[in-house]
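Fold and contact review
Chain by chain, the residues run as shown.
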Amino acid sequence: MVVFGQNQELVAIRIGGYPETVQAVMAALLSGCTLEMKLSENETLFLQCKGGRNAVRSVSHDGTYAEGVFFLADDPVHSIEVEEQEETQPIAPARNLYLYSEKEDRLFWELDQKLSVPLLPEFSKYLIHCLVQKGILEPLTVRSIHRSFCAWRLTVSHDKKELVEILEQGLQTGAIRIPKAGNDHAFEKISTFSAYLKRFGKQVAGRIERSFSPLYHPGQEPVCPFLKEANRHVIGHAGYSLFDAQLAAAEGLKRQLDRDRLALLVAECGTGKSKIGSAAVYAYWKDRGKSKSLHVVLCPSHLTQKWAREIRETVPHSIAAIVSDLSDVDRLFDAYQQKEKHVFLILSKEDARNGPMRYPAVRWSEAKKGYPCPHCGCIQEMPLVEDTSYTVPADSLFFRMENCKNHTCQACGMPLWSALNPDIQQKLEWVHIGGYGFVSRRFASRNFKSCKDKSISREIERIVENPSAVYPSKGAYRRFPLSAYIKRRLGRIDTLICDELHQYSGESAQGQSMAELAGIADKVVGMTATLINGYSKGIFYLLFRLKPALMLDDRQRFDKPTDFCRQYGVVEKVFHLDLDFNVASKVRKSQTQERFLPGVSPLIYSKFLLENCVFLSLSDMGKELPEYEEIPVPFSMRKEVEQEYKRLEKELKAYIQNEYGKNNRILSAYLNLLSAYPDQPYGHTPIYCPGISDPIVVPEDTGCPDDLEPKDEKVLELVEKKVHAGERVIVYTAWTRLDTQRKLQKLLTKKGYRAGILDKRVPARNREAWVDKQVQDGIDVLITNPALVETGLDLNAFTTLIFYNVSYNLYILRQASRRSWRINQTAPRVEVYLLCYRDTMQAKALKLMANKLAAATVIEGNISEEGLAALSESHDLMAEMAMELAHGIKDNVEELSNTFKRMALHHPETQLKSVPRRVTPFQKNIQAQDQAGQMTLFDLIAKAS
């Protein structure tokens, strides 16, 4: 099979033959070459292949036969910066997009899938004719022996302005028409989306309300009898009744389970998700006539006891117990079989996938001078230089830690890692060093270059001096993953309740355990307060694990998350092109790596979430909540600290601007330094670039641990004010590598306040009890990392929260800032202070975090102009800070305090309603207008006008 263009440019090819031949041809194509193909005695093709970064190759083996596939992928969205006389002009090059279909009449649907421009089937003939006539759409030649198909190349700008011009011209000349659209001049004065909503907002809202009706109307329909029974159980065992909004949300979940396998509860922190979810599950199975049922609750380890308590208070005739080993599973399963009870196995996500330690099962072969696969004997290879296709036999450093490159054999695909038996460690070739990885006894000395930690270097020295000694591996136990055992022992369960669903969104083992348990569950209930972190990839794996059929219908692949991100997210690829128009002109071009930036298409909400989610906020509860406000507090650095900071920043800018190829390798260290230095202007180590012995920057100490910095003074001031008013204070310090926690505790204790530090040494499942005991003992100030208390814990005793420094994780910021703003909070006001230094990376990061916070809440229904602006102009937080270092961000936007001020919640002038205005999920009442099942913008305009 071969695909090529009119100018004999190779687009795609598939060949087969001996592995060596196929590998050589694929390598030649990737680097660029002229390919001679003899199709018959009288026909010979000479195809030009340019290769390049957009070329994709794949080689598969089957014994002595190999098959190779080479094709050109779609050009990414990128920009070129042309520098001339100290001025930078951005240029947006055209993109080549490739379309394939089995039949020619499917071309329009492929265009609709590939392009962001809204299209209607009525535009098909006109659009394709114009595209071909203008040379924008080029039919490609396909030569295939077995299967016939069609191919095209579409050349458009990044904003698809050519297609927009064609459609606008067709609408103006009458060549095409929007179905059911009127002939009035209603759009003459409309030039922006805001103007459109202002003109047609009521009609569009009415259309949406008629088209999407909720499954359950609170106030118009009663909740089911079994939810009322659960509420009576709550009254009898907890001493209070569920709010109407909580019962309504539970009824919405139950009705969603009636029609689908999956139901999601996206509710703010403090809305009582555990009681809502467990009540909905109980009501659903009771409504099915089941007197007993079997469920698994997957949650963070510090919430297991809370879940057991909440279930016992909510579900009648229930058994809820924490599962920590295999015998617990057996005991609860026996209780389910013998008793008429609703049994809940509460499993922490940390224990779910906590299996045996794995070690490299490969051994060095002196004869083959490499590490052969224990299954097929093929020598494993690694890249000679990073980001190249040239490979050499892998060395021992290649197997230091398990990853996607060394997980399986490159030839047969069998695993190269095996469970570590603690009884035979002395017989193994590999020694495990905690915090570093596996070291080969034979080649231990090779690890010195890659190890910077002195304690680890000492461990390596011991192995070099005595390679035959016994080195026990900490954590190497005989154990079996609980999620795998539950699957094998129970076979099927009625429901999986997955709490804090956002924590399973990545490519982690915990996410795999969630998918494993979801696979054996008849129903799945997911719950979270922060479903999306602002990135499209943040929800990709969740959707595939929970709604695989929907993702497959959308033509997504589990092994291709980047395709999903390109379709529903924001991708950036930047080319820097320097031009010097002197007598001896010189052109230099360098390319940065592809980055996925914050930004989520609203289609994710309408296509994947709308029909599966119940949304609930604290304002729906019908109870007067305390006021809530996040208050940024900027400071000026001390003069000597500011001078040193500016020196570090200046050197960083110069290095990044001059070293395009190396800046990414030291960017993280630089950003961490500039973020932390104002808080702790001492004790920072020099910054090195990998492979260079001399330091790039050596930070100078401009302070000492006994100095009182402006942030410290503000913390003391706030604590004095709040404690004097009878309140308690939490101080969040996200950067635990600094000595901030001990310093603050020392300062507060010296002033006579009782201050305690909650650190990771307190086991997660004991943190709630630890905090309660500290409150009983009279604590005034709690100092902790926000990541330790981000989920589940109610910290109502603390009504003032101070972020001494802010974590760059949006999930942690959103969760930790709401620990005290709950429905059972009796204080009149909750304040969150965010401290930062002016004109530093801290201030820039806080401003960007505010934008991303507003953007992330758009998907949850909290839409504002700030959120829409951040959604359309969003960039990755670290990337934005890097841009600030290299070019500087023009901070001509509104003040930081105004951004947070708009997101504050003060007492409304009118009384809150006792029930929410709507409870999703929605039921569609309209017929889909395109294959994706989405109502198009044209349909909305036509109906509204």
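What this report covers is the structure whose coordinates are included nearby. Fair warning: this is a prediction, and the values are worked out from it, not measured in the lab.

Turning our eyes to something else, we now look at the overall build of the protein chain. Check the secondary structure of the protein chain and you find 29 helices and 35 strands. Taken across its 945 residues, the protein chain has 50% of its residues classed as buried. Taking all contacts inside the protein chain whose residues are at least 6 apart in sequence as the whole, residues at least 24 apart take part in 72%. For the protein chain, the accessible area works out to roughly 46,300 Å², and carbon and sulfur atoms hold 50% of it.

A word on helix H9 (residues 304-314). Extensive coverage of H9 is indicated by the burial of 8 of its 11 residues. What H9 keeps buried is the set Thr 304, Lys 306, Trp 307, Ala 308, Glu 310, Ile 311, Glu 313 and Thr 314.

As used in these notes, a disulfide is a covalent bond between sulfur atoms, one from each of two cysteines. Going through the model one piece at a time under the given rule, you end up with 0 disulfides. Here Cys 299 stays free of any disulfide, with the sulfur of Cys 498 as its closest cysteine sulfur at 9.3 Å. Its relative accessible area of 0% is what places Cys 299 among the buried residues. Distance from the sulfur of Cys 376, which forms no disulfide, to the nearest cysteine sulfur (Cys 409) is 3.6 Å.

Next up on the list: the packing of aromatic side chains. One pass over the structure, following the stated rule, counts 22 aromatic pairs. With a centroid separation of 5.5 Å and an interplanar angle of 75°, the aromatic rings of Phe 108 and Trp 109 are classed as edge-to-face. Its relative accessible area of 4% is what places Phe 108 among the buried residues. With relative accessibility at 23%, the residue Trp 109 sits in the partly exposed group. Among the aromatic residues, ring-to-ring pairing joins Phe 540, Tyr 541, Phe 544, Phe 558, Phe 564, Tyr 568 and Phe 608 into one connected group.

Counted according to the given criterion, the structure contains 4 cavities of 30 Å³ or more. Estimates place the volume of the largest cavity at around 90 Å³. Elements represented by at least two residues in the lining of the largest cavity include exactly strand E34 (829-837) and helix H25 (841-858). Considering every element that reaches the lining of the largest cavity, the biggest residue donor is H25, with 4 residues. Taken together, the residues of the lining of the largest cavity sort by class into 8 nonpolar, 3 polar and 1 charged.

Space inside the second largest pocket adds up to approximately 920 Å³. What lines the second largest pocket is a set of 30 residues, and nearest its centre among them are Arg 358, Glu 402, Asn 403, His 407 and Gln 512. Contributing elements (two or more residues each) for the lining of the second largest pocket: strand E20 (417-419), strand E22 (437-440) and helix H15 (537-546). The class makeup of the residues in the lining of the second largest pocket is 12 nonpolar, 10 polar and 8 charged.

Here Thr 271 shows up in the loop between strand E13 (262-267) and helix H8 (273-287). From its side chain, Thr 271 meets the backbone oxygen of Glu 268 in a polar contact 2.8 Å long. Here Thr 271 is in contact with Gln 246, Ile 276, Leu 616, Ser 617, Leu 618, Met 621 and Ile 823, once residues within four sequence places are set aside.

With that settled, the discussion passes to the pattern of salt bridges. Close approach of charged atoms allows side chains of opposite charge to pair. Under the criterion given, the structure shown has 42 salt bridges. Between Asp 706 and Lys 746 there is a salt bridge; the shortest N-O distance is 3.9 Å. Of this pair, Asp 706 sits in the loop between helix H20 (663-676) and helix H21 (710-724) while Lys 746 is found in helix H22 (residues 740-750), placing the two residues 40 residues apart along the sequence. In this pair, the class of Asp 706 matches that of Lys 746, namely exposed. Sharing partners across several salt bridges, the network here consists of Glu 627, Glu 629, Lys 722, Arg 829 and Glu 831.

Turning to the sheet that holds strand E10 (residues 137-143), a few remarks are in order. The strands making up a sheet are joined through hydrogen bonds of the backbone, oriented either antiparallel or parallel. Spatial strand order, E5-E6-E2-E1-E10-E11-E9: 7 strands in an open sheet with antiparallel pairing. Edge strands, defined here as strands with exactly one partner in the open sheet, are strand E5 (55-62) and strand E9 (95-101). On average, each strand axis in the sheet is tilted by 20° relative to the strand beside it, whichever way the strands run. As paired elements, strand E1 (residues 2-4) and strand E2 (residues 10-17) share 3 bridges and run antiparallel to each other. For Val 2, the partnering residue across the bridge sits in E2 and is Ile 13.

Note on placement: Gln 246 falls in helix H7 (residues 244-259). What makes Gln 246 buried here is its relative accessible area of 5%. Separated by 26 residues in the primary sequence, Gln 246 and Gly 272 have C-alpha atoms spaced 7.5 Å apart. Those residues within four positions of Gln 246 in sequence are excluded, and the remaining contacts are Thr 271, Gly 272, Ile 276, Met 621 and Ile 823.

Attention shifts here to the nonpolar core. Core analysis: the largest hydrophobic core is formed by 70 residues, its most contacted members being Trp 307, Ile 311, Ile 346, Tyr 732, Leu 795 and Phe 803. Among residues more than four places away in sequence, those in contact with Leu 795 are Ile 730, Tyr 732, Val 771, Val 789, Arg 819 and Ser 820. Within the second largest apolar cluster, 49 residues are counted, among which are Phe 333, Cys 498, Ile 539 and Phe 615.

Interaxial distance between helix H13 (residues 482-490) and helix H14 (residues 509-519) falls to 9 Å at its minimum, and their mutual angle equals 10°. As far as their axial angle goes, H14 and H13 are roughly parallel. Where H13 abuts H14, its residues Ser 483, Ala 484, Ile 486 and Lys 487 lie against Ser 513, Glu 516 and Leu 517. Counted by class, the contact of H13 with H14 contains 3 nonpolar, 2 polar and 2 charged residues.

Right, let's get into unusual backbone geometry. With a phi close to 55°, Lys 369 is a non-glycine residue in the positive phi region. You can see Lys 369 is positioned in the loop between strand E17 (358-360) and strand E18 (381-383). Given the relative accessible area of 47%, Lys 369 is considered partly exposed. For Arg 555, which is not glycine, the phi dihedral falls at a positive 65°. Checked against the element boundaries, Arg 555 lands in the loop between helix H16 (548-553) and helix H17 (561-568). The exposure class assigned to Arg 555 is partly exposed, which follows from its relative accessible area of 45%.

A few words now on the sheet that holds strand E30 (residues 729-733). Read across the sheet, 6 strands follow the order E29-E34-E33-E30-E32-E31 without closing on themselves; strand pairing throughout is parallel. For this open sheet the edge positions go to strand E29 (627-635) and strand E31 (755-758), each flanked by a neighbour on one side alone. Pairs of neighbouring strands in the sheet enclose a mean axial angle of 20°, with direction left out of account. Of the strand pairs in this sheet, E30 and strand E33 (residues 800-805) are connected by 5 bridges, and their pairing is parallel. Within the sheet, the bridge partner assigned to Val 731 lies in E33 and is Ile 802.

Position of Asp 494 relative to the elements: it lies in strand E23 (residues 493-499). The contacts of Asp 494, once residues within four sequence positions are left out, are Trp 285, Lys 290, Ser 293, Leu 294, His 295, Tyr 336, Ala 521, Asp 522 and Lys 523.

With that settled, the discussion passes to the environment of Glu 651. Within the secondary structure layout, Glu 651 lies in helix H19 (residues 639-658). Note on Glu 651: relative accessible area 30%, which makes it partly exposed. Along the chain, Glu 651 and Ile 696 lie 45 residues apart, while their C-alpha atoms are 8.4 Å from each other. Sequence-distant contacts of Glu 651, that is, excluding residues within four places in its chain, are made with Ile 696 and Val 697.

Right, let's get into the environment of Gln 380. With respect to the helices, strands and loops of the structure, Gln 380 is situated in the loop between E17 and E18. Ignoring any residue separated from it by four or fewer positions in sequence, one finds Gln 380 in contact with Tyr 371, Cys 373, Val 392, Pro 393, Ala 394, Phe 399, Thr 408, Cys 409, Gln 410 and Leu 416.

A separate point is H7. Taking 1.5 Å per residue as the helical rise, H7 with its 16 residues ought to reach 22 Å, and the 23 Å between its terminal C-alpha atoms agrees with that figure. Extensive coverage of H7 is indicated by the burial of 12 of its 16 residues. Buried within H7 are the following residues: Ala 245, Gln 246, Leu 247, Ala 248, Ala 249, Ala 250, Glu 251, Gly 252, Leu 253, Lys 254, Gln 256 and Leu 257.

What counts and how
Residues numbered from 1 in each chain as written. Predicted model: local features only at pLDDT ≥ 70, side-chain atom pairs only at ≥ 80, totals over all residues. Heavy atoms only, no water. Helix = DSSP H or I, 4+ residues; strand = E, 2+ residues; numbered from the N terminus. Buried < 20%, exposed > 50% of the residue type's maximum accessible area, 1.4 Å probe, protein only. Contact = heavy atoms within 4.5 Å. Areas by Shrake-Rupley, 256 points an atom, 1.4 Å probe, with all protein chains shown as cover. Disulfide = S-S within 2.5 Å. Phe/Tyr/Trp six-rings, centres within 6.5 Å; stacked < 30°, edge-to-face > 60°. 1 Å grid on protein atoms, 1.4 Å probe; cavity = no way out; pocket = protein on both sides within 12 Å on 5 of 7 lines; lining within 4 Å. Points joined across faces, edges and corners; volume = space filled by probe spheres on them. Nonpolar A, V, L, I, M, F, W, Y, C, P; charged D, E, K, R; others polar. Polar contact = N/O pair within 3.5 Å; in protein donor to acceptor, adjacent residues only side chain to side chain. Salt bridge = Lys/Arg side-chain N within 4 Å of Asp/Glu carboxyl O. Pairing = 2+ DSSP bridges. Axes fitted to C-alpha atoms, helices over the stretch in contact; angles between N-to-C directions. Core = buried A, V, L, I, M, F, W, Y, C linked by side-chain atoms within 4.5 Å. Parallel < 35°, antiparallel > 145°, perpendicular 65-115°, else oblique. Expected span 1.5 Å × (residues − 1).

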